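The lines below spell out each chain.
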Amino acid sequence: EDQVTQSPEALRLQEGESSSLNCSYTVSGLRGLFWYRQDPGKGPEFLFTLYSAGEEKEKERLKATLTKKESFLHITAPKPEDSATYLCALVAGTASKLTFGTGTRLQVTL
Amino acid sequence: DGGITQSPKYLFRKEGQNVTLSCEQNLNHDAMYWYRQDPGQGLRLIYYSQIVNDFQKGDIAEGYSVSREKKESFPLTVTSAQKNPTAFYLCATAGGYTDTQYFGPGTRLTVL
């Protein structure tokens, strides 16, 4: 069974304090790994798709990387508006559905 | 204005009632999905449809029903058989040759 584990469960950073969120996975035949941002009471917003180990993608202060066992979402010099829950998901093998982690709640304070 | 719309945003249901949640999209995506989100848990798949007039059960389909009569619409009915329906419900779509799913704004259902 495909498994996705996100850590930490919650993270509090000061503005400008860079850090990384982790998404570790156990699957057979990864087809894609996805990162989403979710604000309270709203639907997840798509950030990145990664397909193979070594791939990296960037968007503003966010950078996603992928290895054969885990993915990292690096946040450089975060701002308070980066506060949200970040979700990791993957699709593997012949599955038609995504498997989601439980998310990391990020709070960035002044 | 392209995208995915869900209505209503908030829904209150009395025990024993069936309620229907709407999901409409104008992205021309073939696949549509319904998820349930509870605090402290990952999104769980209820039903999905990859083409019109066809749909499959997800991981937690009991107590729910769907239809896919049009490409643009994928309504979800929460029946009285669903024992714990209070949750945040999310609709998603995917299209082309990608597995990337895009989500609607969600409907929060509360059972009174």
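Conventions and cut-offs
- Residues numbered from 1 in each chain as written.
- Chains lettered and ligands numbered in written order.
- Predicted model: local features only at pLDDT ≥ 70, side-chain atom pairs only at ≥ 80, totals over all residues.
- Heavy atoms only, no water.
- Pairing = 2+ DSSP bridges.
- Helix = DSSP H or I, 4+ residues; strand = E, 2+ residues; numbered from the N terminus.
- Axes fitted to C-alpha atoms, helices over the stretch in contact; angles between N-to-C directions.
- Contact = heavy atoms within 4.5 Å.
- Buried area = accessible area lost by both parts, 1.4 Å probe.
- Salt bridge = Lys/Arg side-chain N within 4 Å of Asp/Glu carboxyl O.
- Polar contact = N/O pair within 3.5 Å; in protein donor to acceptor, adjacent residues only side chain to side chain.
- Nonpolar A, V, L, I, M, F, W, Y, C, P; charged D, E, K, R; others polar.

## As for the sheet that holds strand 1 (residues 4-7) of chain B
Residues and elements named next belong to chain B. The strand order across the open sheet built from four strands is 1-3-8-7, with neighbouring strands paired in antiparallel fashion. Either end of the sheet is taken by a strand with one partner, and the two such strands are strand 1 and strand 7 (64-66). Neighbour-to-neighbour, the strand axes of this sheet turn through a mean angle of 20°, independent of strand direction. Where strand 7 and strand 8 (residues 76-78) come together, three bridges link them in antiparallel fashion.

## Thoughts on unusual backbone geometry
Following Ser7(A), the chain continues into Pro8(A) via a peptide bond in cis, with omega recorded as -5°. Look at the link from Ser7(B) to Pro8(B): it is a cis peptide, with omega at -10°. As for its position among the elements, Pro8(B) is in the loop between strand 1 and strand 2 (10-13). Of note, Glu60(A) is a non-glycine position whose phi angle comes to about 55°, a positive value. Relative to the helices and strands, Glu60(A) is located in the loop between strand 6 (56-59) and strand 7 (62-66). Of note, Asn53(B) is a non-glycine position whose phi angle comes to about 65°, a positive value. In this structure, Asn53(B) sits in the loop between strand 5 (44-51) and strand 6 (54-57).

## Thoughts on the interface of chain B and chain A
In many analyses, interface size is given as the accessible surface area lost on bringing the parts together. Counting residues at the interface gives 21 residues for chain B and 19 residues for chain A. Summing the contributions of chain B and of chain A, the shared interface buries around 1,500 Å²; its carbon and sulfur component is 54%. Taken together, the connections running from chain B to chain A amount to two salt bridges. When the shortest N-O distance is used, the salt bridge between Arg31(A) and Asp99(B) registers 2.9 Å. Joining chain B to chain A, the criterion identifies seven residue pairs in polar contact (both at pLDDT 80 or more). Looking at the side of chain B that touches chain A residue by residue, the class counts come to ten nonpolar, nine polar and two charged.

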